[in-house]
Amino acid sequence: MTVRFYNSLTHQQEDFVPQTPGPSAQAPLRGAQIRMYTCGPTVYDYAHIGNFRSFLFADVLRRHLEWHGATVRQVMNMTDVGHMTQDQTADGAGRDKLELAVEKMKQSKKSGAALVENPNDPGQVADFFVRAFLEDARRLGLAVVADYDRAGGAAAQERIMPRPTRHIGQFIELIQKLLVRGHAYIGSDGVVYYDVGGFAAYGRLSGNSVEQLSHGAGGRTNESAAKRHPADFFLWKPDRHHLMRWPSPWGEGYPGWHVECSSMAMEILGESLDIHTGGEDNIFPHHECEIAQSEGATGRPFVRLWMHARHLMVEGEKMSKSKGNFFTIRDLMEKGVDPLVIRLALIRTRYRETLNFTLQSLHETAGAMGSLRDLVEKLGGAVGDPGGAGETGPAGPEGGPSTACLEPADADMLAEFQNALDDDLNTSAALAALFTWAAPRFKRKKFTDDEARSSLAALRRVDHVLGVMFKPLQPLAQDTRANVENLLRQRDEARQRKDFATADRLRANLTALGVEVHDTPSGSQWRRRLAPERSTAPGIATEAARR
RNA sequence: GGCCGGAUGCCCGAGCGGACCAAGGGAGCGGAUUGCAAAUCCGUGAUUCGUGGGUUCGAAUCCCACUCCGGCCUCCA
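Residues numbered from 1 in each chain as written. Chains lettered and ligands numbered in written order. Predicted model: local features only at pLDDT ≥ 70, side-chain atom pairs only at ≥ 80, totals over all residues. Heavy atoms only, no water.

Peer 1: It is not clear to me how the protein's contact with RNA strand B should be interpreted in this structure. Could you clarify?
Peer 2: Close contacts around RNA strand B come from 55 residues, with Lys97, Trp257, Gly279, Asn282 and Asn426 the closest. The contact atoms of RNA strand B, taken as those within 4 Å of the protein, divide so that sugar and phosphate hold 59%. Contact between RNA strand B and Glu280: a sugar or linking oxygen at 3.0 Å from a side-chain N or O atom of the residue. A distance of 3.2 Å is found between a phosphate oxygen of RNA strand B and a side-chain nitrogen or oxygen belonging to Lys318. For the surface near RNA strand B, the leading source of residues is helix 14 (residues 427-443), giving six residues. (Near = heavy atom within 4 Å. Polar contact = N/O pair within 3.5 Å; in protein donor to acceptor, adjacent residues only side chain to side chain. Helix = DSSP H or I, 4+ residues; strand = E, 2+ residues; numbered from the N terminus.)

Here it is, written out as structure tokens:
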């Protein structure tokens, strides 16, 4: 049993062996302690589905390692230092992103919809978006947020989802270490720079060379008289007028963008991590610089396995605010998409493939997910647990991949599912294995008690990774629910007096409320729709463009 | 200009040299069922894998060339 992953650092697939493996050489993941860092969101705006694709990839990775019996210590930062906006230079002049968010908050206050008490306080603005992020992430079932919620107290939470503004002291220490070791220097402008020329491995991750970078196509690297090399990046920038600033040996100012991940990852997880994940755009410069800073400071390998998720497209186009195809979880939920459908839609394509996110993909996913959840319900009924056997709960160590007591067909499916994920997290193939097994079970009406128990156990194991079958759906709002019950009663009455025109009109109303109606011999039933009806949603991109 | 990926049926997507006349999910179509629907059930689709060469007993899978698409090269997950 080997688990293979594509390592961005070596540009090839490798067998994964944790630094602290478990006791068995045959199954080094069982009982292993794995340290994993996930580049998290910047909290000056709502996170979008592209962000979440990357976080969900890391989540599936972590859950799969847990499937193998490893204990994963995952850290995800919440970047609350603003850093730079697009129209400024890499040296950090210009306005802070958080500053722009603060502006926005002030606007919203003027228009009467105050989102925070004091929009001038960047801390409050960041807090606001941190809360929003946590809400979204809980709905999507990110295990790291479950860790966060379980952690006892603010100090413990800070070691799971750290906020850079609370670690500035460590950043300064890291920068001092780099100065002492000769990897950093103070430019004539008073800014502390990293000396790229002094770090031979710079460029290994991204496939760049320092030589190429100095010529950078179109001269996009920033030339500055104060720097030794155009690719040198700043570690600390003194600036007494910046919105967010802290005292330092180099004057009041703020840290460079890349410092936070190096510093917090090493502070919390140690100098050498097993895995570091992020979106593909992080490869350069962010992660390249992290390696340079961390290894420059410690002289030890920073990360053994780098993994990066490819970006997603929306309706075949790059997602961008200007194209109007930019979606947050909230946007989609407003359209009636259940967050678990979003989760499955974002993980069903393998992380290294470009994912084309479309309205159709949401429908497909909703259909597939609905079938699985129906099966869970049916099996739950067969073992006298109509609730579908409860929730699996967030990720937690479940022990080894024991398949004792399972029917052979169920064990075979689990083996195939696992093999697919072992192969560089091939979620598409894993789902195919699941559906090949599930399809005949969708049709079956009867299961013996043993069969149902075995199948449910298998599905629970699968769902430890997928996280879409046992978790409750978004509940209907209380007043909507009352409304639904009321309409349904009226429709039943209409049907009884054969007033089908009224009945059909009422059904349309119910559909609009996000429920679907089933007429059975014993009366009508309703259930929550997982995604909006096709005809009422012309296309997520076109609809967004209209806003 | 440099560095990466990709091109499989109507759509999404697996496939990593022989079990592929190509998995799985959707959509469509025909039928059963229904007041009409929904859901469900039955049936139905690539002799072919961007194009052209090559290697091989054998290629969607390996090699070469070409065409097209996408990403990164200091805002970005």
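Peer 1: I keep staring at the side chain of Thr79 and nothing clicks. Help me out?
Peer 2: Looking at the secondary structure, you find Thr79 in the loop between strand 4 (71-76) and helix 2 (97-110). Relative accessible area serves as the criterion here: at 5%, Thr79 is assigned to the buried category. Apart from the residues within four sequence positions on either side, Thr79 is in contact with Pro41, Thr42, Val43, Pro164 and Glu260. (Buried < 20%, exposed > 50% of the residue type's maximum accessible area, 1.4 Å probe, protein only. Contact = heavy atoms within 4.5 Å.)

Peer 1: Help me understand the packing of helix 16 (residues 478-496) against helix 17 (residues 500-512) in this model?
Peer 2: Relative placement of two packed helices is described by the angle separating their axes and the distance separating the axes. Their axes nearest at 8 Å, the elements helix 16 and helix 17 cross at an angle of 160 degrees. Between helix 16 and helix 17, the angle is such that the two are roughly antiparallel. Seen from above, helix 16 lies across helix 17 with left-handed handedness. Judged by residue contacts, Val484, Leu487, Leu488, Gln490, Arg491, Ala494 and Arg495 of helix 16 engage Phe500, Thr502, Ala503, Leu506, Arg507, Asn509 and Leu510 from helix 17. (Axes fitted to C-alpha atoms, helices over the stretch in contact; angles between N-to-C directions. Parallel < 35°, antiparallel > 145°, perpendicular 65-115°, else oblique. Left-handed = near helix turned anticlockwise from the far one by under 90°.)

Peer 1: What is the right way to look at the pairing of strand 9 (residues 273-279) in this model?
Peer 2: Sheet faces and side chains relate simply in a regular strand, where the side chains alternate between the two faces. Along strand 9, seven of the seven residues are buried, which leaves the element largely enclosed by surrounding structure. Sheet topology places strand 3 (residues 33-38) next to strand 9; three bridges connect them, and they run parallel. Residue Tyr37 lies in a different strand from strand 9, and its bridge partner there is His276. Pairing analysis gives six bridges linking strand 9 to strand 10 (residues 303-309), with the strands arranged parallel. By the bridge assignment for strand 10, Thr277 is matched with Met307. Between the parallel pair strand 9 and strand 10, the chain is carried across by helix 9 (residues 283-298), and the sense of this crossover is right-handed. (Pairing = 2+ DSSP bridges. Right-handed = clockwise from strand over helix to strand, strands pointing away.)

Peer 1: Just to check I follow, could you spell out the environment of Arg240 for this structure?
Peer 2: Within the secondary structure, Arg240 is located in the loop between strand 7 (234-238) and strand 8 (253-255). Of the residues examined, Arg240 reaches a relative accessible area of 62% and is grouped as exposed. Sequence spacing of Arg240 and Gly253 is 13 residues, and the spatial spacing of their C-alpha atoms is 6.1 Å.

Peer 1: Even after reading the chapter, I still don't get the pattern of salt bridges, so can you show me in this structure?
Peer 2: Pairing between side chains becomes possible if they bear opposite charge and their charged atoms approach one another. One pass over the structure, following the stated rule, counts 29 salt bridges. Between Arg62 and Glu66 there is a salt bridge, and its shortest N-O distance comes to 3.0 Å. Placement of the pair is Arg62 and Glu66 together in helix 1 (residues 49-67), with a separation of four residues, close to one helical turn. Accessibility expressed as a relative area gives 2% for Arg62, which makes it buried. Judged by relative accessible area, which is 2%, Glu66 ranks as buried. With its nearest N and O atoms 3.0 Å apart, the salt bridge here joins Asp424 to Arg352. In this pair, Asp424 is assigned in the loop between helix 13 (408-422) and helix 14 and Arg352 in the loop between helix 11 (339-347) and strand 13 (355-357), connecting sequence segments 72 residues apart. Classification of Asp424 as buried rests on a relative accessible area of 0%. On the accessibility criterion, Arg352 (30% relative accessible area) is partly exposed. Beyond isolated ion pairs, a larger network of salt bridges with shared partners links Arg62, Glu66, Asp147 and Arg150. (Salt bridge = Lys/Arg side-chain N within 4 Å of Asp/Glu carboxyl O.)

Peer 1: Looking at this structure, I do not really get empty space enclosed by the protein. What am I missing?
Peer 2: Gaps between atoms show up when a probe of the same size as a water molecule is rolled over them. Applying the stated criterion to the full structure yields two cavities of 30 Å³ or more. In this structure, the largest cavity encloses a volume near 70 Å³. As for the largest cavity, its lining consists of Arg53, Leu56, Phe57, Val60, Leu346, Ile347, Thr349, Arg350, Tyr351, Leu425 and Thr427. Every element with two or more residues in the lining of the largest cavity is listed here: helix 1 and helix 11. Sorting elements by how many residues they give to the lining of the largest cavity places helix 1 first, with four residues. Counting the residues that make up the lining of the largest cavity, at least three belong to each of domain 1 (4-309) and domain 2 (314-466). The computed volume of the second largest cavity comes to approximately 40 Å³. Taken together, the residues of the lining of the second largest cavity break down into seven nonpolar, one polar and two charged. (1 Å grid on protein atoms, 1.4 Å probe; cavity = no way out; pocket = protein on both sides within 12 Å on 5 of 7 lines; lining within 4 Å. Points joined across faces, edges and corners; volume = space filled by probe spheres on them. Domains from an automatic or database assignment. Nonpolar A, V, L, I, M, F, W, Y, C, P; charged D, E, K, R; others polar.)

Peer 1: Just checking my understanding: could you explain the packing of aromatic side chains for this structure?
Peer 2: Here the distance between the centres and the angle between the planes together describe a pair of aromatic rings. Evaluation of the coordinates by the stated rule reveals 17 aromatic pairs. Arranged with centres 5.4 Å apart and planes meeting at 10 degrees, the rings of Phe52 and Phe133 form a pair that is stacked. A residue pair is termed long-range when its members are at least 10 positions apart, and Phe52 in helix 1 and Phe133 in helix 3 (residues 122-140) qualify at 81 residues. Each member of the pair, Phe52 together with Phe133, is buried. The interplanar angle of 50 degrees and the centroid separation of 6.1 Å between the aromatic rings of Trp236 and Trp250 together place this pair among those described as tilted. With Trp236 in strand 7 and Trp250 in the loop between strand 7 and strand 8, the pair connects residues that are 14 residues apart, well separated along the chain. There is no split in this pair, since Trp236 and Trp250 are both buried. Ring pairing ties together the aromatic residues Tyr194, Tyr202, Phe233 and Phe284, which thus form one cluster. (Phe/Tyr/Trp six-rings, centres within 6.5 Å; stacked < 30°, edge-to-face > 60°.)

Peer 1: What exactly am I supposed to notice about the pairing of strand 15 (residues 523-528) here?
Peer 2: Note that strand 14 (residues 515-520) and strand 15 share six bridges and pair antiparallel. Looking at the pairing, Asp519 lines up with Ser524 of strand 15. Connecting strand 14 to the antiparallel partner strand 15 that follows it, the hairpin turn spans two residues.

Peer 1: What should I look at first to understand helix 14 in this one?
Peer 2: Along an α-helix, a turn takes 3.6 residues, which lines up residues three or four apart on a common side. The end-to-end C-alpha separation of helix 14 is 24 Å, in line with the 24 Å expected for 17 residues at 1.5 Å each. The largest bend along helix 14 measures about 30 degrees and falls at Trp437, with the proline Pro440 one to four residues further on. Those residues of helix 14 hidden inside the fold are in contact with helix 1, helix 11, helix 12 (359-382), helix 13 and helix 15 (449-466). (Expected span 1.5 Å × (residues − 1). Bend = angle between axes of the 7 residues up to and from the residue.)

Peer 1: For this particular structure, what's the right way to read helix 16?
Peer 2: Compared with the 27 Å implied by 1.5 Å per residue over 19 residues, the 27 Å span of helix 16 between its first and last C-alpha is a close match. Among the residues making up helix 16, those that are buried are Thr480, Val484, Leu487, Leu488, Arg491 and Ala494. Buried residues along helix 16 cover an arc of 120 degrees about the axis, so they all sit on one side. Turned more than 90 degrees from where helix 16 packs its buried face, Gln478, Asp479 and Gln496 sit exposed. Looking at the buried positions of helix 16, the neighbouring elements they touch are helix 17, strand 14 and strand 15. Once helix 16 ends, the next one or two residues include Lys498, with phi positive near 60 degrees. (Arc of directions from axis to C-beta.)

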